[in-house]
Amino acid sequence: MPSPVPTPGAPCWIDLVSTDVAAARRFYGELFGWDYETGDEEKYGGYVTARKNGKQVAGLLQKDETQAGVPDAWSTYLRVDDASATAKAVETHGGQVHMPPTEVPDQGHMAIFGDATGAVVGAWQPREMLGYELVGEPGTAAWHELHAKDYAAAVKFYQDVFGWETEVMSDAPDFRYTTMGSGTTAQAGIMDASGYLPAEIPSHWQVYFAVEDTDATVERATAMGAKLQDGPSDTDFGRVAQLADPTGAIFRVIAGPADEQTT
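Undergrad: What is the right way to read the overall build of the protein from this model?
TA: Check the secondary structure of the protein and you find six helices and 16 strands. For the protein, the residues scored as buried account for 50% of the 263 residues in total. In the protein, the share of contacts with a sequence separation of at least 24, taken over all contacts with a separation of at least 6, comes to 61%. By element, 50% of the accessible surface of the protein is carried by carbon and sulfur atoms, the whole surface being about 11,900 Å².

Below, the structure is given as structure tokens:
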């Protein structure tokens, strides 16, 4: 599960692009106990940093006119040492550069890519802002998972572009899964989604948030306008549910062994 100090290539940050940041602040603030700090409009475009127990855990950003028609979504960012070199590697290995490396004043450089399967993934080259400061505790990111329609291409892409050292967790016909790292030190996972993702849904990353009680979290979330999409169900890693927030952004929550392994 995630380390508080991400290694190169590992998830280091998450953010939400939302059609209604004010509503998102209320929803996640109540659900996960987040407080917020809004960045300077001119310098940072009003980027909102979410904090849990005083430590930064996520970002929120208002969708602009250039993103009309794009669903609200959570994004995972992978830590890189050189965003420009990563962008070149992305193109070399069959991906796309959706947003070239861009300097965030004083904080670092960010970029948005499409991987070889079409999934959107961010990259972060840190300066002052190293990434999230708290993981695996209730109300924070616990796991990052790529649902890939071309499983083999996805694994090779993240090995080649982000330097992942991978381990095959399962290679059964109905459950193929590879992790970055191994066992309890794994940083992220890639799942073969070719058998269950419909044609209209592309490969995509999903963020799991640790919670103390999955069922209680689902009850609170749905009472605030979220929609339950799957679960709650028990897995070898904890009790999991998939939700869409009030504007449609998908996320998962997990309680049990998974969040115990991240402490």
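Undergrad: Just checking my understanding: could you explain a nonpolar patch on the surface for this structure?
TA: Judged by side-chain polarity, M169, F175 and F237 come together as a nonpolar surface patch covering roughly 240 Å² of accessible area. Looking at the secondary structure, you find F237 in the loop between β14 (227-235) and β15 (238-244). Exposure remark for F237: the relative accessible area of 35% places this residue in the partly exposed category.

Undergrad: I tried to follow the nonpolar core on my own but got confused; where do I start?
TA: As a rule of thumb, soluble globular proteins bury nonpolar side chains together. Membership of the largest hydrophobic core comes to 40 residues, with the highest contact counts inside it found for Y28, F32, W34, W74, F209 and F251. A per-element tally of this core places helix α1 (residues 21-32) first, with six residues. Setting aside anything within four residues of it in sequence, one finds W74 in contact with I14, D15, L16, Y28, W34, A58, G59, V207, F209, A249, I250 and F251.

Undergrad: What exactly am I supposed to notice about the pattern of salt bridges here?
TA: Summed over all chains, the structure comprises nine salt bridges. Here D72 and K63 are joined by a salt bridge, their closest N and O atoms 2.6 Å apart. Of the two residues, D72 and K63, both sit in the buried class. For D171, the salt bridge is made with R176, and the minimal N-O distance between the two is 3.2 Å. Note on D171: relative accessible area 52%, which makes it exposed.

Undergrad: Got a minute to help me understand the sheet that holds strand β1 (residues 11-18) in this structure?
TA: The strands making up a sheet are joined through hydrogen bonds of the backbone, oriented either antiparallel or parallel. Ordered in space as β2-β3-β4-β1-β5-β8-β7-β6, the eight strands form an open sheet in which the pairing is mixed. Pairing within the sheet leaves two strands with one partner each, and these edge strands are β2 (35-38) and β6 (96-104). Strand-to-strand twist in this sheet, taken as the mean axis angle between neighbours without regard to direction, amounts to 25°. Pairing of β2 with strand β3 (residues 48-52), which is carried by four bridges, proceeds in the antiparallel orientation.

Undergrad: Please explain the confidence of the model for the protein as it appears in this structure.
TA: Detailed conclusions should not be drawn from predicted coordinates in areas where pLDDT is low. Chain-level statistics for the protein give a pLDDT mean of 92 and a share of 91% at 70 or above. For residues 258-263, every residue scores under 50 in pLDDT, and the model assigns this stretch 14 contacts once sequence neighbours within four places are set aside.

Undergrad: Help me understand the sheet that holds β15, please; the structure alone is not making it clear to me.
TA: The mixed open sheet is built from eight strands, whose spatial order is β10-β11-β12-β9-β13-β16-β15-β14. The open sheet has two edge strands, β10 (166-172) and β14, and neither has a second partner. Here the strands of the sheet are splayed against their neighbours by 20° on average, with no regard to which way each runs. Examined bridge by bridge, β15 and strand β16 (residues 250-255) share six bridges and lie antiparallel to one another. Looking across to β16, one finds that A241 is bridged to V253. The sheet contacts of α1 involve β13 (204-210) and β16, and relative to β16 the element is tilted by about 5°.

Undergrad: Where do I start with the packing of helix α3 (residues 83-92) against helix α4 (residues 151-162) in this structure?
TA: When two helices pack together, their arrangement is captured by the angle between the axes and the distance separating the axes. In the contact formed by α3 and α4, the axes pass within 9 Å of each other and the chain directions differ by 145°. Where α3 crosses over α4, the two elements pack in a sense that is right-handed. Taken together, the residues of α4 that come into contact with α3 (itself represented by T86, A89 and V90) are F157, V161 and F162. Counted by class, the contact of α3 with α4 contains five nonpolar, one polar and no charged residues.

Undergrad: What exactly am I supposed to notice about the packing of aromatic side chains here?
TA: The relation between two aromatic rings is expressed through the spacing of the ring centres and the mutual angle of the planes. Taken as a whole, this structure holds 20 aromatic pairs when the rule is applied. A centroid spacing of 6.2 Å and a plane angle of 80° characterise the contact between W34 and W74, whose relative ring orientation is edge-to-face. Here W34, found in the loop between α1 and β2, pairs with W74, found in strand β5 (residues 73-79); they are 40 residues apart in sequence, far enough to count as distant. The pair formed by W34 and W74 is uniform in burial state, with each residue classed as buried. Considering the side-chain rings of F157 and F162, the 6.4 Å spacing of their centres and the 65° angle between planes classify their relative orientation as edge-to-face. When its relative accessible area of 7% is taken as the criterion, F162 is described as buried. Each member of the aromatic cluster is reached from another via a ring pair, and the members are F27, Y28, F32, W34, W74, F209 and F251.

Calculation criteria
- Residues numbered from 1 in each chain as written.
- Predicted model: local features only at pLDDT ≥ 70, side-chain atom pairs only at ≥ 80, totals over all residues.
- Heavy atoms only, no water.
- Helix = DSSP H or I, 4+ residues; strand = E, 2+ residues; numbered from the N terminus.
- Buried < 20%, exposed > 50% of the residue type's maximum accessible area, 1.4 Å probe, protein only.
- Contact = heavy atoms within 4.5 Å.
- Areas by Shrake-Rupley, 256 points an atom, 1.4 Å probe, with all protein chains shown as cover.
- Patch = residues over 30% accessible without salt bridge, like charges linked within 9 Å, V, L, I, M, F, W, Y side chains within 5 Å.
- Salt bridge = Lys/Arg side-chain N within 4 Å of Asp/Glu carboxyl O.
- Core = buried A, V, L, I, M, F, W, Y, C linked by side-chain atoms within 4.5 Å.
- Pairing = 2+ DSSP bridges.
- Axes fitted to C-alpha atoms, helices over the stretch in contact; angles between N-to-C directions.
- pLDDT = per-residue confidence, 0-100.
- Left-handed = near helix turned anticlockwise from the far one by under 90°.
- Nonpolar A, V, L, I, M, F, W, Y, C, P; charged D, E, K, R; others polar.
- Phe/Tyr/Trp six-rings, centres within 6.5 Å; stacked < 30°, edge-to-face > 60°.

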